[in-house]
Amino acid sequence: MSKPKLTVLLAGPRGFCAGVDRAIEIVEKALEKFGPPVYVRHEIVHNKYVVEGLRAKGAVFIEELDEAPEGAPVIFSAHGVPKSVPEAAARRNMIQLDATCPLVTKVHVDARRHRKQGQTVILIGHAGHPEVVGTLGQLPAGEIKLVENRAQAEALRVDDPDHLSFVTQTTLSVDDTKEIVDVLKRRFPNIDAPRTEDICYATTNRQAAVKTLARQCDAFIVLGAPNSSNSNRLAEVAAAQGCGKSILIERAAELDPGWMEGVATVGVTAGASAPEILVQELIALFEQRYDVTVREVAVTTEDMHFSLPRALSA
Ligand code: SF4
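With their axes 10 Å apart at the nearest point, helix α1 (residues 18–34) and helix α2 (residues 48–57) run at an angle of 5 degrees to one another. It follows from the interaxial angle that α1 and α2 lie roughly parallel. For the pair formed by α1 and α2, the contact residues are Ile24, Val27, Glu28 and Leu31 on the first element and Val50, Leu54 and Lys57 on the second. Each residue belonging to the contact of α1 with α2 can be placed in one class, and the counts come to five nonpolar, no polar and two charged.

What follows is the structure in structure tokens.
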């Protein structure tokens, strides 16, 4: 019996961004330089496949610094950390390697600069996400005001609306964030906005690619971790564009064959922390069940590269 036909539209760009590439390379170079174990505070990036691969090479993932011996090498994840973490690591004489994405570090620097200039700083982001925890932790507790949605932007009270600025989490929905920013600008016309968008190039490009493809697809599959902010946003963007259905899965094996019923064209992308091998695994699974045609549709190309910390770049 012949297999049903399935067209797979692969969104480009997708998958690893420069910040994730750099974070993984930092762990690998640290293992080469110091030998295992090297300690990594939190998941280096939000992807089980990546974390398990590094664990097999000798990385030990910890939640808090006191789970590692004093003096040991410790790597901070790509999401960034509150200032209290490097301070605690210094007290424990640990060898610190910072894998914070440089685009997250820029947000940290901006938040501190705005506060130094006497402004009240607003952070647009999702409570509890490690990046937000890290950015809030750049200033003493309670000094940065977190705004998660439009309703909170409408309800926000500030003492001095003429000395106000905002920064954002790097992995938000471009469209949702614009709505929040529009509310803030309407309510506080003198608010100081970032000169360039804090939502990073990788998040922006991956969302743009999904937007371009979603309307041509009966369904959209995003490969990524359930706790990955940028991956969740990709699934939301596909749904918001009117694509019949969208789903976020970590691995091809999770895909319920029933979910694909009636789907002739499926869009596929991967979050910034999901490796390409997981996309190829999904295509291989499709090929077992369907007569597959794969089309790559790229809205732009990326050549961003971030250098390693000096301690590892030699
Ligand atoms: S998603 Fe953006 S901010 Fe996050 S690591 Fe990648 S490039 Fe950096």
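Below, the discussion takes up the site of the ligand. In the vicinity of the ligand, the residues found are Cys17, Gly19, Cys101, Leu103, Thr170, Thr171, Cys200, Tyr201 and Ala272. Its residues placed into classes, the shell around the ligand shows six nonpolar, three polar and no charged.

Following the criterion strictly, the structure yields 18 salt bridges and no others. In this structure, Glu276 and Arg14 form a salt bridge, with 3.0 Å as the shortest nitrogen-oxygen distance. Of the two residues, Glu276 sits in helix α10 (residues 276–289) while Arg14 sits in the loop between β1 (5–12) and α1, which places them 262 residues apart along the sequence. Notably, a salt bridge pairs Glu154 with Arg186, separated by 2.4 Å at the nearest N-O pair. Placement of the pair is Glu154 in helix α6 (residues 150–155) and Arg186 in helix α7 (residues 174–187), with a sequence separation of 32 residues. Among the residues examined, Glu154 registers a relative accessible area of 37% and is labelled partly exposed. Connected through shared salt-bridge partners, Lys106, Asp110, Arg113 and Asp198 make up one network.

So, about the sheet that holds strand β5 (residues 95–98). Pairing within the open sheet is parallel, and its four strands lie in the order β3-β2-β4-β5. Each end of this open sheet is capped by a strand with a single partner; those strands are β3 (59–62) and β5. Neighbour to neighbour, the strand axes of the sheet diverge by 30 degrees on average, direction disregarded. Pairing analysis gives four bridges linking strand β2 (residues 38–41) to β3, with the strands arranged parallel. For Tyr39, the partnering residue across the bridge sits in β3 and is Val60. Sitting on the sheet, helix α3 (residues 84–91) touches β2, β4 (73–76) and β5, and the angle it makes with β4 is about 180 degrees.

Moving on to the nonpolar core. In terms of nonpolar packing, the biggest core is built from 31 residues, with Val27, Ile44, Leu54 and Ile75 touching the most fellow members. Only α1, β2, α2, β3 and α8 (201–214) provide two or more residues apiece to this core. Examining the composition of this core, we find that eight residues originate from one element, α1, more than from any other. Among all residues touching Ile75, those that are not within four sequence positions of it are Ile26, Val27, Ala30, Val38, Tyr39, Val40, Arg41, Ile44, Leu97 and Ala99. Counting 23 residues, the second largest nonpolar core, distinct from the first, contains Val8, Met260, Ile283 and Val292.

Its twelve residues place the ends of helix α9 (residues 229–240) 16 Å apart at the C-alpha level, agreeing with the 16 Å of an ideal helix rising 1.5 Å per residue. Those residues of α9 that fall on the buried side of the exposure criterion are Ser229, Asn230, Ser231, Arg233, Leu234, Ala235, Val237 and Ala238. Looking at the packing, one finds that the buried side of α9 touches α8, β9 (219–223), β10 (245–249) and β11 (265–270). Positive backbone phi, at 90 degrees, marks Gly242, one or two positions downstream of α9.

Every buried residue of α3 is accounted for by Val85, Ala88 and Ala89. For α3, the angular spread of buried residues about the axis comes to 100 degrees, placing them on one side. Where the residues of α3 are buried, they touch β2, β4 and β5.

Let us now look at the sheet that holds strand β8 (residues 164–168). As summarised here, the arrangement of the three strands in space is β7-β6-β8, forming an open sheet in which the pairing is parallel. In this open sheet, the two strands that pair with only one neighbour each are β7 (144–147) and β8. Looking at each pair of strands side by side, their axes are set apart by 30 degrees on average, direction ignored. As defined by bridge partners, strand β6 (residues 120–124) adjoins β8 across five bridges and the pair is classed as parallel. Bridge pairing in β8 links Ile122 to Phe166. Across the sheet, helix α4 (residues 102–116) lies against β6, β7 and β8, angled at about 170 degrees from β8, the strand it touches most.

Reading the values: the criteria
Residues numbered from 1 in each chain as written. Predicted model: local features only at pLDDT ≥ 70, side-chain atom pairs only at ≥ 80, totals over all residues. Heavy atoms only, no water. Axes fitted to C-alpha atoms, helices over the stretch in contact; angles between N-to-C directions. Helix = DSSP H or I, 4+ residues; strand = E, 2+ residues; numbered from the N terminus. Parallel < 35°, antiparallel > 145°, perpendicular 65-115°, else oblique. Contact = heavy atoms within 4.5 Å. Nonpolar A, V, L, I, M, F, W, Y, C, P; charged D, E, K, R; others polar. Near = heavy atom within 4 Å. Salt bridge = Lys/Arg side-chain N within 4 Å of Asp/Glu carboxyl O. Buried < 20%, exposed > 50% of the residue type's maximum accessible area, 1.4 Å probe, protein only. Pairing = 2+ DSSP bridges. Core = buried A, V, L, I, M, F, W, Y, C linked by side-chain atoms within 4.5 Å. Expected span 1.5 Å × (residues − 1). Arc of directions from axis to C-beta.

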